Structure formats: C-alpha cells, structure tokens
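The chain contents come next:
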Amino acid sequence: MAILATENVSRQFGSVFAVERVDLTLNAGESVGLIGPNGAGKTTLLSLLTGDLRPSSGKILMDGKDVTSLPLYARVRAGIARAAQIPKTFSRLSVRENVSLPAFFGAGLAGDAASEWIDEVLEMSGLSDRAGKQAGALGLLDRKRLELAKAVASKPRVLLLDEVAAGLTEPEIASIKEVILRLQPNRAIVWVEHIPFALQGVCSRIVVMDKGSKLLDGPFDEVWASETLQSTYMGT
Ligand SMILES: Nc1ncnc2c1ncn2[C@@H]1O[C@H](COP(=O)(O)OP(=O)(O)OP(=O)(O)O)[C@@H](O)[C@H]1O
Ligand SMILES: [Mg+2]
C-alpha cells in the first residue's frame, strides 16, 4: 500500500489551476524527484500533501486513509515533514533550539530521548559544531542544512524537500546530497529540484509536472531521456 497518495487532486487560485487532476503514489522508502518549469505546481502539490493548503477537489491518502481534511500539525504527527523552498528558521534562536522544537512538538520527545535525537539530527545534517550558533548568522549552505535538520527532527516517514539545493554551488550541492542520503534510510522522499545532478543517485523515480498537470512518471533514466521532458522542461 502507498504511504502517501493523491487521487485526482486539484487546487485552484481564482481561475488558475495550480494543480490539476494529479494522481501521485509514493511507496514506503521510495525517493521521487519532482521536476517541472517555474509555475508548474510543484510547491502547491507539496503544500497539498502537508496540509498547508486544502485541495479544491480530490483526495489525499496516507496509508490508504483519507487525510484530506487533517490539518498540518496532525499530518506532522502522522509522519509528514517538509523542508521549505524559502528556509523558515527562527533566526534569533540557536541551531540546536531550532532543531529542538520539531523534536519536542513533532516527534513528541522529551528529556534524554529528545537530547540524544537532537544530537543525532545535528550530526546527520553536519551542524554539530555550529549547534550553539544563532540561526540568523548562518550562511546559505548551513541554512539549507538546518532546514533539512528541522524537517527530519519530527521523525517523519515522508520527507518533502522543496528546492533545498537551489542557489548552491556544485560542491555545496554534493554536500547537501550527502546529508539527504544519510536521512534517506526507512524514509520516503519527494524532492522538488531543477538540478538533475542533485537528484541523480538519490531519486530512482522522476515525476514531471507542467501547468498543474502530471506529464511523466517513471524510472529516472527513462524520464530523463524522454522527448516530452526535453520539449517541455528544457524548452527544446
Ligand atoms: N497563494 C497563491 N495565490 C495565487 N496563485 C498562486 C499561489 N500559489 C501559487 N500560485 C500559482 O500557482 C501556480 C503554481 O505555482 P507553484 O508555486 O506551485 O509552482 P512551482 O512549480 O513550485 O514553481 P517554481 O519552480 O517557480 O517554484 C503558479 O501559476 C502560481 O502563480
Ligand atoms: Mg516552487
């Protein structure tokens, strides 16, 4: 059974269909890359999965159960977390404090169990030596690491990543990928990214969206070689 799925899901803003009749299935432990041109509806689809937005029509299913009307906090408890396109950190809190909040309130941990898990998350995300630093003083790569750390701190079974590699240099993307590969075991991932090199080796499957609709969905190499992708996404 799929860990997370959308059934014929749409979201309109006025007359614009940001997402239109999308069926998407995510199996436990699977990593899917979600690509498409600007405005394709990728971020909106992630927001529908997390409960940040309600669909105009269609359903969201988790473990086969209808969670369409479950609010954001309840979906975090059910095991969904997201790293946002624009990192949303508490800039005056330390790195450790930022990670603590989802460990306490998302994963429901307290005491030693919370401390140990926070240490582990900081280690996995490569932030252990900056744990006491103010989040607002971090550079872009470390802000992206922190965004990932905060998402994983709630112990999600499904991790949704929105352009966590955008704006980074190639060596920086390589180090963000290392973090994601450490977070990957026993976790399903949907990773929105424009950069093929980032997704390669992490995502075995690629979904392509354009103008709100799902155009392609298949194995990485097959989708990457397809003419539909070349013409819609690459604009050739
Ligand atoms: N809150 C909103 N109000 C009105 N229109 C919106 C809103 N959010 C998204 N849209 C519109 O929905 C469409 C899809 O936007 P979305 O942000 O999901 O695209 P995207 O694929 O994530 O693009 P990008 O690659 O630029 O991040 C766009 O036409 C956008 O202008
Ligand atoms: Mg987006």
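Further up the page is the structure itself.
Residues numbered from 1 in each chain as written. Chains lettered and ligands numbered in written order. Predicted model: local features only at pLDDT ≥ 70, side-chain atom pairs only at ≥ 80, totals over all residues. Heavy atoms only, no water.

A.B. asks: Can you lay out unusual backbone geometry for me, pointing to particular residues and giving the numbers?
C.D. replies: Most of the time, phi is negative for any residue but glycine, and the peptide bond is trans. A positive phi angle, near 55°, is found at N8, a position not held by glycine. Secondary-structure assignment places N8 in strand β1 (residues 4-13). (Helix = DSSP H or I, 4+ residues; strand = E, 2+ residues; numbered from the N terminus.)

A.B. asks: Would you mind going over the coordination of the magnesium ion (ligand 2) in detail, with residue names and values included?
C.D. replies: Six octahedral donors around a metal ideally make angles of 90 or 180 degrees; four tetrahedral donors ideally make 109.5 degrees. Those protein atoms acting as donors to the magnesium ion (ligand 2) are T43 (OG1) and Q85 (OE1), and they sit at 2.0 to 2.5 Å. One end of the pair, T43, is in helix α1 (residues 42-50); the other, Q85, is in the loop between β6 (80-83) and α3 (95-105), with 42 residues separating them in the sequence. A relative accessible area of 34% means that Q85 is categorised as partly exposed. (Donors = N, O, S within 2.8 Å, 3.2 Å for Na, K, Ca; no water. Buried < 20%, exposed > 50% of the residue type's maximum accessible area, 1.4 Å probe, protein only.)

A.B. asks: How would you summarise the sheet that holds strand β9 (residues 205-210) if you had to cite specific residues and measurements?
C.D. replies: Sheet architecture is open: six strands sit in the order β6-β7-β8-β3-β9-β10, paired in mixed fashion. Edge positions in the sheet fall to β6 and β10 (213-219), since each has one partner strand and no second. Sheet twist, expressed as the average angle between the axes of neighbouring strands with direction ignored, equals 15°. Sheet analysis places β9 next to β10, joined by six bridges and oriented antiparallel. Across the sheet, D210 pairs through a bridge with S213, a residue of β10. Contacting β6 and β7 (158-162), helix α5 (residues 140-153) runs over the sheet at an angle of about 175° to β6. (Pairing = 2+ DSSP bridges. Axes fitted to C-alpha atoms, helices over the stretch in contact; angles between N-to-C directions. Contact = heavy atoms within 4.5 Å.)

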